[in-house]
Amino acid sequence: MSTEITEVGETMRTAKSGATGADAPVGAPGTVEGPADAVEAVLAAVREGKAGRLPGLLAALGPAERRACVPTLKELRGENRTTWTQEARNRMVALLVAGAGCHTGAAGAASWIGAQDFIGHSWARHPALADVVEAQPVEWQIEVVGRLAAKRGPVFNTDLLALIARVVRRTGCAVPVSDTFAVEWLRSGAGAENCPRGPVTTLRERLRTDTFTKALLPRVFELDDVSYPLDPGYAARTGDTWPAAIAGLPEAGVFERAELIDLCLGRLVRGGRLADQRAFLAVLEALAPTEQEYAARVRDLLAMLDGLSPVAGHAQQVLTGLDEAGLIEPEVVVEASAVVLFRAEKKLVRAQLGWLEQSAKRSPERSGPVALAAADAFGHPDSTVQERALNLVARRLKTAGEAVLPELRVAAEALNPVHHARAGELFGVTVGGSGEDDTAWDELLPPVPEPVPLGEPLATPAEVAEELAVLLADARPGVAVFERVLDGLVRHAHRDRPALVAALEPVLRANPWQNGGRWEDCGPADALYLAAVVAGQVDPHRIGPVFRMKGRHPLRSEHNTVWGNVLAARIAEAAERVGTDPVPLLLATPTDATGALAAAALVERLAAHEAGGVTAGPADLNAALLRVAPTADPAVLAAADRLTSPAGRWAAAWLRAGGPSAQPSERVLFAPEPKSPGVRAWDRWWEGVKRLAVSQAGSSGGPAGPAGERLGPEFRALLAATGPSVERACEQNEWYAGPTVHWAAMLPHHREELAARWLDRFADAADQDRRGGSAMLVVLAEAGGPAGLALHLALAYCLGARFPEDRVAAVDALLVLAARGDLDGALLGRELGELVTLGTVKPNRLAHALATAADTGAYATVWSVLAPVLPALLGGEAPRGTADLLVVATDAARRSGARGPIPEVTATAARPGAARLLKEARALRDVLGTA
């Protein structure tokens, strides 16, 4: 490229001197003898990859000749976009420059310059592109950069920023203020890389001197996903951060201070992602508004109290300071309390109650409004918050007078029953109706989920093509769409292959099968391979050179998991039979979306195979046997016994035996010793993890066929022995390809085995703070088979997950298991106790999850889990957060009518002191009663 850049100077000197056409020296760059020669000279320079010659050559062309070049340029672009030789790259640079000069319309030029093909490799920085753009009319330049700045797409070519900025500064046109341009200006540090301006090196200096700042900085406050560059930790070592630089703009006279404060407050009131809100809060803190500036914006601060927790906390702190300084009206305190006391964050609620207390102490005449405002916290879900509010009201009641009693009595009905007696004494009325214990609660559980039928087979080739397009467009397709497509391709290839090929043509044209090396697990999208075989685009009996060299099939690679190997076996077998021995249908297509296959349906399909003289494919039959539902229906078993083919007799024996026997799980402690000290910790992070895990001995693969048939190796691997090691998952590639519904659909009646294999994933949600670890837990809860130690241990991990959405998923699984009668509360409680003792599950997270379950009305279920947990927590030094669990336990025990003392609870309650743990233990002891 350096040679090309050198050529630009010579070319442009020739062009600017006017030496073109007949006036130019023969053989000089840019020399042409006529319009046709000029066009050919441009195209020749493009083919040779000589971008540096193009500005001079293009200067010799008129509008018509330039437009005449465009079709050929498009052809060359198509030929070179997927070729990565150096020659092809040089041609792509030349194509970028030539296309910019040959599109006489601004819209076409902008589309060409901003195309995804030209992103990367700094091609847009080539000086020839800037020279070509500068040679165009000013109006054309302005419209082009405006369109480029507004261009949306998956990736923005940041190299275009320099081009856009250069045109804007040279022409004096309005600065583009589109989201795309503003974001890139922000990420580039106000042009630190793309628009260098001499000695201006720090962000503060660039913002003060950049003519774009005035137009683009206000737009930054309207953008989303801008937290990274705005984060005060970005370049914090030098202090050259966006918050600090923005705070210095008023002093430089670029912005008024009030304008920046209003922009910050406006953005914080509008809301957004937590990371963004933290970043804009940092900008506000860098501006450090005075009390007087904040006092003039009280309404904004009150609105911020309803925002995310950090924003609300800042607003609350500022308002508290303004109240202490006497800069706000008393009504503001009450109005703020009406917002904050209904929030879930206990820290904010406690701070608000403290603000109310201090306000009443400074001005005793506020005691009445303060007491009524504090009563809003009587309905808070946390019993300790209710107690704190009740204490505040009790201290202010005498000063407030009897006028507040009617409203306080009404509010007291929202208190937890443990506070009813004291509230009754304070307010002179019976709180809680008749005064009887609130134990008349029926257990409320969700209805047992019913499996969703898979639906009828796809009836026409057009339907198959349509479903295939849906499958390929969905990043996470469901079991139903994949299985229906696989079955549809096989069925219609057997019925009318030419019609199916015609229907698939547009789908395959848009999604061609890439017969190259693969770097991921075989998945549902690989149904495309079968479609390509059906269409004759791929010969399944001949593998490409890449796979021949490595001795592998295109669907099977070292990156496959055991689950991917099963999918690969099914798809490859179907593809190999399409041309030589097509089958009318697949045996393994499930009858519902869980992957389960009704026994009657399997027997019926095998009978159809026998009637048509079709031999069942080994992979198809293996997959069907692992999916078939156990049955005791004598009619189905009798029909199976009438089957005569080897596949039919094996299926009959399988149904009689009930399939593979359930594998019992054994709990073990996984606590490996660290290996070599020279190994980086993050390369083998699991060596420092202490976990409860399970091991299973493995299964032989179910009953054998009449001739000794056994499941194939891919299918036996699904039931192989399971060890308690995270390293095992890494060795099988499962760490990088997490479990999916398609994996669960391979063993729809063996959820205990699945839970054992995936236990490390579930554990990650608790001890590695991995998001999404509980995603498959509800699927397992709704699956078939015994629910043993592995499934309950997986549930225990996820009930203590780091992220709330994972805990909610665990609660859903808990309720589904309880509704189906599969939950062993004692087993789950014991495992939770062990995990809390190990420190894997934090009591406050567990309390949140079980409180969510209790709120649905499942009080007896929650108590059945908590009762065996409490002895483990209270038997020694109680971990932090145990009091939160005691609150949930007290409520669940009271509402479910649980009675009978727990020695550890009684002993804790008898200890002297006023700590919260002791108070909650006494409340639970009183509910449970004595022996």
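Just so it is clear, the model here is predicted, and its values are computed rather than measured. (Residues numbered from 1 in each chain as written. Predicted model: local features only at pLDDT ≥ 70, side-chain atom pairs only at ≥ 80, totals over all residues. Heavy atoms only, no water.)

Moving on: empty space enclosed by the protein. Inspection of every chain in the model, using the stated rule, returns six cavities of 30 Å³ or more. What the largest cavity holds in volume is close to 140 Å³. Lining the largest cavity are 14 residues, and of these Val 490, Ala 574, Arg 577, Val 583 and Leu 586 lie nearest its centre. Contributions of two or more residues to the lining of the largest cavity are made by helix H28 (479-510) and helix H31 (562-580). Broken down by element, the residue count for the lining of the largest cavity peaks at five residues, all from H31. Split by residue class, the lining of the largest cavity holds eight nonpolar, two polar and four charged. Looking at the second largest cavity, its volume works out to about 70 Å³. Counting only elements with at least two residues in the lining of the second largest cavity, the list comes to H28, H31 and helix H33 (618-627). Residues of the lining of the second largest cavity, tallied by class, amount to seven nonpolar, one polar and three charged. (1 Å grid on protein atoms, 1.4 Å probe; cavity = no way out; pocket = protein on both sides within 12 Å on 5 of 7 lines; lining within 4 Å. Points joined across faces, edges and corners; volume = space filled by probe spheres on them. Helix = DSSP H or I, 4+ residues; strand = E, 2+ residues; numbered from the N terminus. Nonpolar A, V, L, I, M, F, W, Y, C, P; charged D, E, K, R; others polar.)

Another point: the confidence of the model for the protein. Mean pLDDT over the protein works out to 84, with 85% of the residues at or above the 70 mark. Every residue in residues 1-33 scores below 50 in pLDDT, and together they form 48 contacts with partners more than four places removed in sequence or on other chains. Across residues 726-731 the pLDDT falls below 50, and counting only partners more than four positions away or on other chains, this stretch makes 19 contacts in the model. (pLDDT = per-residue confidence, 0-100. Contact = heavy atoms within 4.5 Å.)

By size, the foremost hydrophobic cluster in this structure holds 150 residues, and its most contacted members are Leu 530, Leu 795 and Trp 863. Excluding residues that lie within four positions of it along the chain, Trp 863 makes contacts with Pro 868, Leu 870, Ala 889, Ala 892, Ala 893, Ser 896, Ala 898, Ile 902, Leu 924 and Leu 928. Core analysis: the second largest hydrophobic core is formed by 131 residues, Val 42, Leu 95, Leu 260 and Leu 287 among them. (Core = buried A, V, L, I, M, F, W, Y, C linked by side-chain atoms within 4.5 Å. Buried < 20%, exposed > 50% of the residue type's maximum accessible area, 1.4 Å probe, protein only.)

On to the pattern of salt bridges. By the definition in use, this model includes 43 salt bridges. Two residues, Glu 222 and Arg 219, come together in a salt bridge whose shortest N-O distance is 2.6 Å. When salt bridges that share partners are traced, they join Asp 224, Asp 225, Arg 267, Arg 270, Arg 273 and Asp 276 into one network. (Salt bridge = Lys/Arg side-chain N within 4 Å of Asp/Glu carboxyl O.)

The subject of this paragraph is the layout of surface pockets. In this structure, the largest pocket spans a volume of roughly 1500 Å³. If you trace the largest pocket, you find 42 residues lining it, with Ala 344, Lys 346, Asp 382, Asn 844 and Asp 884 closest to the centre. For the lining of the largest pocket, the secondary structure elements donating two or more residues are helix H20 (309-324), helix H22 (346-362), helix H24 (383-400), helix H43 (804-820), helix H45 (843-855), helix H47 (882-896) and helix H49 (916-928). Per-element tally for the lining of the largest pocket: the top contributor is H45, with eight residues. Looking at side-chain class alone, the lining of the largest pocket contains 16 nonpolar, 12 polar and 14 charged residues.

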